[in-house]
Amino acid sequence: MGSSHMVVCSACAHRFRIMAGPGMRFLMLHCDRCGRDKGVGFDAFGGNLEASAVGLGPYTLERARDMEWPEPIRARRAELRQRVEAIAGSCPCGGAFSPDAPARCPECGSDQFVLEPGDAPILFD
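Residues numbered from 1 in each chain as written. Predicted model: local features only at pLDDT ≥ 70, side-chain atom pairs only at ≥ 80, totals over all residues. Heavy atoms only, no water.

Points about the state of the cysteines
Any covalent bond linking the sulfur atoms of two cysteines counts as a disulfide. Enumeration according to the criterion identifies zero disulfides in this entry. Its sulfur unpaired, cysteine 31 is 3.5 Å from the next cysteine sulfur, which belongs to cysteine 93. A relative accessible area of 0% places cysteine 31 in the buried class. Cysteine cysteine 91 is unpaired, with the sulfur of cysteine 34 as its nearest cysteine sulfur at 3.7 Å. (Disulfide = S-S within 2.5 Å. Buried < 20%, exposed > 50% of the residue type's maximum accessible area, 1.4 Å probe, protein only.)

Describing the pairing of strand 3 (residues 26-31)
For strand 3, a buried count of six out of six residues is recorded, marking the element as mostly surrounded by other parts of the structure. Alternating residues of strand 3 divide into Phe26, Met28 and His30 and Leu27, Leu29 and Cys31, and every residue in both groups is buried. Where strand 3 meets strand 4 (residues 37-41), five bridges bridge the pair, whose relative direction is antiparallel. Bridge pairing in strand 4 links phenylalanine 26 to glycine 41. Counted along the chain from strand 3 to the antiparallel partner strand 4, the turn is five residues long, and its residue glycine 35 has a positive phi close to 90 degrees. Summarising the sheet, strand 3 and strand 5 (residues 97-98) pair through two bridges and their orientation is antiparallel. (Helix = DSSP H or I, 4+ residues; strand = E, 2+ residues; numbered from the N terminus. Pairing = 2+ DSSP bridges.)

Quick word on the packing of aromatic side chains
Inspection of the entire model under this criterion finds one aromatic pair. An angle of 80 degrees between the planes, with centres 5.7 Å apart, marks the rings of phenylalanine 16 and phenylalanine 113 as edge-to-face. On the criterion of sequence distance, the pair formed by phenylalanine 16 in strand 2 (residues 15-20) and phenylalanine 113 in strand 6 (residues 113-115) is long-range, its members being 97 residues apart. Taking relative accessible area as the criterion, phenylalanine 113 reaches 25% and is therefore assigned partly exposed. (Phe/Tyr/Trp six-rings, centres within 6.5 Å; stacked < 30°, edge-to-face > 60°.)

Concerning the pattern of salt bridges
Scanning the model with the defined rule gives one salt bridge in all. Here arginine 15 makes a salt bridge to glutamate 116, at a shortest N to O gap of 2.1 Å. One end of the pair, arginine 15, is in strand 2; the other, glutamate 116, is in the loop between strand 6 and strand 7 (122-124), and 101 residues separate them in sequence. Residue arginine 15 is classed as partly exposed on the basis of its relative accessible area, which comes to 48%. (Salt bridge = Lys/Arg side-chain N within 4 Å of Asp/Glu carboxyl O.)

So, the confidence of the model for the chain
Mean pLDDT over the chain: 78, with 74% of residues reaching 70 or higher. Per-element averaging of pLDDT across the chain places helix 1 (residues 49-52) at the bottom with 49 and strand 6 at the top with 93. In the predicted structure, residues 52-59 sits below a pLDDT of 50 and forms 15 contacts with residues beyond four places in sequence or in another chain. (pLDDT = per-residue confidence, 0-100. Contact = heavy atoms within 4.5 Å.)

A look at the sheet that holds strand 4
Working definition: the strands of a sheet are paired by backbone hydrogen bonds and lie parallel or antiparallel to each other. A sheet is described by the order of its strands in space; here three strands give the open sequence 4-3-5, paired in antiparallel fashion. For this open sheet the edge positions go to strand 4 and strand 5, each flanked by a neighbour on one side alone.

Describing the nonpolar core
Across soluble globular proteins, you tend to see nonpolar side chains buried next to one another. Judged by nonpolar contacts, Leu27, Leu29, Cys31, Val40, Phe42, Val84, Ala88, Cys91 and Phe97 together constitute the single largest core of nine residues. Going through the elements one at a time, strand 3 and helix 3 (71-88) are the ones with two or more residues in this core. Per-element accounting of this core gives the leading share, three residues, to strand 3. Apart from residues lying up to four places away in sequence, valine 40 is in contact with Phe26, Leu27, Leu29, Ile87 and Ala88. (Core = buried A, V, L, I, M, F, W, Y, C linked by side-chain atoms within 4.5 Å.)

Take a look at the structure:
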């Protein structure tokens, strides 16, 4: 399940909303240059990602990040990541959407921010 939070940029104090994590029917990606978000639906794979990811079992691409998996699974994850990035296309800023890119402040581009005090996350899909 993905979530949306109000955050405050640590560099310039700009308040903005970020969306992060996979939904049940899509992945949330960010531009590797500007941090813009974009959802890529599993239907773009002709089904869901798990059905497209033979060999990954119940693990989505997002859950596989930063985990130590056996080489066959890591190799498959790289292939799936390339497919996701090809489907997402380019960002209008010239960057590339990636499941590994962080959200960024739309004012200064920093990827350092803190949750706004009293923020109640919005959970989606």
